[in-house]
Amino acid sequence: MGIQVDVVAACPVNDEMERVLGLAEAVGEPVTVTIMWEGGRATERAVLVPAATLALWEHWAPAAFPRREAPHEGEAGGDGPGLAHPEEFGPFTLFRRRVGSRTAVARAGVVVAELLPPEEAHWLQERARDVRQGFMDPKQKAAFEEFLARQPPVGEQ
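Summary of the structure given here. For clarity, every value in this text was computed on a predicted model and none was experimentally measured.

Points about the packing of aromatic side chains
- According to the stated counting rule, one finds one aromatic pair in the structure shown.
- Ring plane angle 25° and centroid distance 6.4 Å describe the contact between Phe144 and Phe147, whose orientation is recorded as stacked. With a gap of three residues between them, Phe144 and Phe147 both fall in helix H4 (residues 138–150), about one helical turn apart.
- The class of Phe147 is partly exposed, set by a relative accessible area of 38%.

Below, the structure written as structure tokens:
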């Protein structure tokens, strides 16, 4: 999947997150990041997906990512710290969802990307691609049906 970059996201004076987000926005592709939190929190692997790319994937993906039955400790809904509280890192604010494991990344009050678990990002990208490849707009579909109607039956070829 996309580009792989390590980011230290816990230091507001560091502009690593801005550079990674700028890269993701410029290429319109997901960027795989490893976030090394300060304060002893475990590292986290996630995929930073620009908002426009995620909107496109979710438009084409016909179903939601299947969820596990019970979240792990530290995930939204688990017994970990209050993950629903926004965390500020320089010009960015991270909003963890209470349900699921996504984190919205906002800059100046606008959501510009989301951090998704790698398996969810991969699943969503694959589903969207598969559905998109099977889609034909109405004019294309009518032309294809007309083409097929003009073809002789398989046994007569």
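This is not the end of the story, as more comes after the structure.
Examining the nonpolar core
- Judged by nonpolar contacts, the single largest core of 16 residues is most densely connected at Leu21, Val33, Leu48, Val105 and Leu115.
- Of all elements in the fold, only helix H1 (16–27), strand E2 (31–35), strand E3 (44–50), strand E5 (92–96) and strand E7 (110–116) reach the threshold of two or more residues within this core.
- If one sorts the elements of this core by residue count, H1 sits on top with four residues.
- Core analysis: the second largest hydrophobic core is formed by ten residues, Leu54, Trp57, Ala121 and Leu124 among them.

Here's the deal with the environment of Gln133
- Along the chain, the position of Gln133 falls in helix H3 (residues 118–133).
- Its relative accessible area of 59% is what places Gln133 among the exposed residues.
- Between the C-alpha atom of Gln133 and that of Trp60, which follows or precedes it by 73 residues, the distance is 9.8 Å.

Structural notes on the pairing of E7
- Within E7, five of the seven residues are buried, which leaves the element mostly enclosed by the surrounding structure.
- Note that E3 and E7 share four bridges and pair antiparallel. Pairing of Leu48 across the sheet is with Leu115, part of E7.
- Pairing analysis gives five bridges linking strand E6 (residues 103–107) to E7, with the strands arranged antiparallel. Looking at the pairing, Arg107 lines up with Val110 of E7.
- Taking the residues that link successive antiparallel strands as the turn, the E6-E7 hairpin has two residues, and the phi of Ala108 there is positive, at about 55°.

Calculation notes
- Residues numbered from 1 in each chain as written.
- Predicted model: local features only at pLDDT ≥ 70, side-chain atom pairs only at ≥ 80, totals over all residues.
- Heavy atoms only, no water.
- Phe/Tyr/Trp six-rings, centres within 6.5 Å; stacked < 30°, edge-to-face > 60°.
- Helix = DSSP H or I, 4+ residues; strand = E, 2+ residues; numbered from the N terminus.
- Buried < 20%, exposed > 50% of the residue type's maximum accessible area, 1.4 Å probe, protein only.
- Core = buried A, V, L, I, M, F, W, Y, C linked by side-chain atoms within 4.5 Å.
- Pairing = 2+ DSSP bridges.

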